[in-house]
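Each chain, letter by letter, is given below.
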There are 2 protein chains.
Amino acid sequence: MGSQPLVATIVVIFSTVDGVLQVLLVHRSSQPEQEKWALPGGRWGGSESLDEAASRKLVEETGARGVYLEQLFTTSGLDPSREATVAVAYFALVDAARVRLRREEAWLPKWHRVDELPPLAFDNNLVIEQAVARVGAKLEYTNIAYGLLPEQFTLRELQTTYEAILRQPLDRRNFRKRMLSTGLIAPTAERRHEGAHRPALLYRFTAREPVFL
Amino acid sequence: MGSQPLVATIVVIFSTVDGVLQVLLVHRSSQPEQEKWALPGGRWGGSESLDEAASRKLVEETGARGVYLEQLFTTSGLDPSREATVAVAYFALVDAARVRLRREEAWLPKWHRVDELPPLAFDNNLVIEQAVARVGAKLEYTNIAYGLLPEQFTLRELQTTYEAILRQPLDRRNFRKRMLSTGLIAPTAERRHEGAHRPALLYRFTAREPVFL
């Protein structure tokens, strides 16, 4: 049987910056996979649940509390040169404007564009791909995009966020009709001036906790 | 840090028998949770991937190969009286008619009605609940019910299978229209006599591997 496996939790932390989907990565300053970028994570020791460990990691890295966090899947590493490892992956959606990254030189936490990732440590590119697919599928029938947006936002901002995750342009008219028909968002009484355009009505999510249609 | 956690794979193996959703359980003959029923599973040692371990367990318990198997989620056990444990749960859909249960007195593998389960070992009732919900959601947009049905089946048998998982009656006309419109099933050239009714047309899944609409 040998030694028991190492269990780690890792978190895919998404945000949108300038209409582009980004993921938070840390830089590995030691072996294995030294000098590569990787998803934030840590060894699980059993003193808290897996969900608690992932949530704590998220708060440590971003300061963001009460954001959407979901378990993605669990993978096993079989590298014969190392001990057997199990990685329990989660994903989270955070508003980059409300995030304060840790200032730790050893880790250099930094946002990276999902569409321009270098080869990452371990199988992290694959994990991020799967997370993007999961989030994209969930946009169809949930309100989880609330995690990426401020309290109030324009429909244009909402559409940009959806397009960033789905990585394709959406028809403006259909998008607006669909979003309003779900009841997941509602207009506020406020408008915002943006450049030379007429003021855009601001919307809000009717709930800022997960709702499934 | 203490000792490293124990990692186990467990498999929720579903079948339908007489129109009722069933799950395969084994009887625990030793501590912990002695004399309770539990999901089949085993300790993961790292010599194979988690997916391979779950697949092997499924074949050992049922003899069924090439059936639908999907990772469900991973839970952690925090019982302070035992070592920290992680359970990676999977679910599978098998045709009970093609299953040969192991004849092992120590385990007594046996089908149990999902709607009449006793309190199970560990948090297995919760795991099964989540698996039923996942399968039910997937029936809407996949063909994974193929795992529960023989090569050829009547629309009545298909509806009974769906109703068993969704645990609610479905409108016959809407169900048939919907299933045929998906292209997931197609009529064969054969019919089957059932009692005094006129012979029912037999259908087949157009693919017996996962298809997502």
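What counts, and where the lines are drawn
Residues numbered from 1 in each chain as written. Chains lettered and ligands numbered in written order. Predicted model: local features only at pLDDT ≥ 70, side-chain atom pairs only at ≥ 80, totals over all residues. Heavy atoms only, no water. Domains from an automatic or database assignment. Buried area = accessible area lost by both parts, 1.4 Å probe. Salt bridge = Lys/Arg side-chain N within 4 Å of Asp/Glu carboxyl O. Polar contact = N/O pair within 3.5 Å; in protein donor to acceptor, adjacent residues only side chain to side chain. Least-squares fit on C-alpha atoms with pLDDT ≥ 70 in both. Phe/Tyr/Trp six-rings, centres within 6.5 Å; stacked < 30°, edge-to-face > 60°. Helix = DSSP H or I, 4+ residues; strand = E, 2+ residues; numbered from the N terminus. Buried < 20%, exposed > 50% of the residue type's maximum accessible area, 1.4 Å probe, protein only. Expected span 1.5 Å × (residues − 1). Contact = heavy atoms within 4.5 Å. Nonpolar A, V, L, I, M, F, W, Y, C, P; charged D, E, K, R; others polar.

Side note on the domain arrangement of chain A
Residues and elements named next belong to chain A.
In step 1: When the domains of chain A are assigned, the result is domain 1 (6-139) and domain 2 (150-205).
In step 2: For domain 1 versus domain 2, the distance between C-alpha centres works out to 28 Å.
In step 3: Taken over both partners, the interface formed by domain 1 and domain 2 buries close to 900 Å², and the fraction arising from carbon and sulfur atoms is 66%.
In step 4: Between the two partners, domain 1 and domain 2, sit one salt bridge.
In step 5: Note that Arg167 is salt-bridged to Glu129, the shortest N-O span being 3.8 Å.
In step 6: Our count for the domain 1 to domain 2 interface comes out at zero residue pairs in polar contact (both at pLDDT 80 or more).

What to know about the relation of the copies chain B and chain A
In step 1: Mapping chain B onto chain A calls for a rotation angle of 180° and an axial translation of 0.0 Å; the resulting RMSD is 0.0 Å. On the angle and the small slide along the axis, the relation comes out as a two-fold axis.

A few points about the packing of aromatic side chains
In step 1: A full pass over the atoms with the stated rule returns 10 aromatic pairs over all chains.
In step 2: A ring pair is formed by Phe153(A) and Phe205(A), whose centres lie 5.2 Å apart and whose planes are at 45°; its orientation type is tilted. Note that Phe153(A) is positioned in the loop between helix 2 (124-139) and helix 3 (155-166) and Phe205(A) in strand 9 (residues 200-205), a separation of 52 residues in sequence.
In step 3: Judged by its relative accessible area of 0%, Phe153(A) falls in the buried class.
In step 4: A ring pair is formed by Tyr141(B) and Phe212(B), whose centres lie 6.3 Å apart and whose planes are at 40°; its orientation type is tilted. Of this pair, Tyr141(B) sits in the loop between helix 2 (124-139) and strand 8 (153-154) while Phe212(B) sits in the segment after strand 10 (200-205), and the two are 71 residues apart along the sequence.
In step 5: On the basis of relative accessible area, Tyr141(B) is assigned to the partly exposed category, the value being 35%.
In step 6: Residue classification places Phe212(B) among the partly exposed positions, given a relative accessible area of 46%.

Structural notes on the environment of Ala137(B)
In step 1: Positionally, Ala137(B) belongs in helix 2.
In step 2: Measuring from C-alpha to C-alpha, the distance between Ala137(B) and Ile165(B) comes to 9.7 Å, with 28 residues separating the pair along the chain.

So, helix 2 of chain B
All names here are of chain B.
In step 1: A rise of 1.5 Å per residue sets the reference length of helix 2, with its 16 residues, at 22 Å; its end C-alpha atoms lie 23 Å apart and thus fit the reference within 8%.
In step 2: Here helix 2 has its buried residues at Asn124, Val127, Ile128, Ala131, Val132, Val135, Gly136, Lys138 and Leu139.
In step 3: Each element contacted by the buried residues of helix 2 is listed here: strand 1 (6-17), strand 2 (20-27), strand 3 (37-38), strand 5 (68-77), strand 6 (85-93) and helix 3 (155-166).

Description of the interface of chain B and chain A
In step 1: Each partner contributes to the interface: chain B provides 24 residues, whereas chain A provides 24 residues.
In step 2: Surface buried jointly by chain B and chain A totals about 1900 Å² across both partners, of which 61% is contributed by carbon and sulfur atoms.
In step 3: The tally of links between chain B and chain A comes to zero salt bridges.
In step 4: Those elements that place two or more of their residues in the side of chain B that touches chain A are strand 1, strand 5 and strand 6 of chain B.
In step 5: For the side of chain B that touches chain A, the element with the most residues is strand 5 of chain B, which contributes six residues.
In step 6: Residue composition of the side of chain B that touches chain A, grouped by class: 11 nonpolar, 10 polar and three charged.

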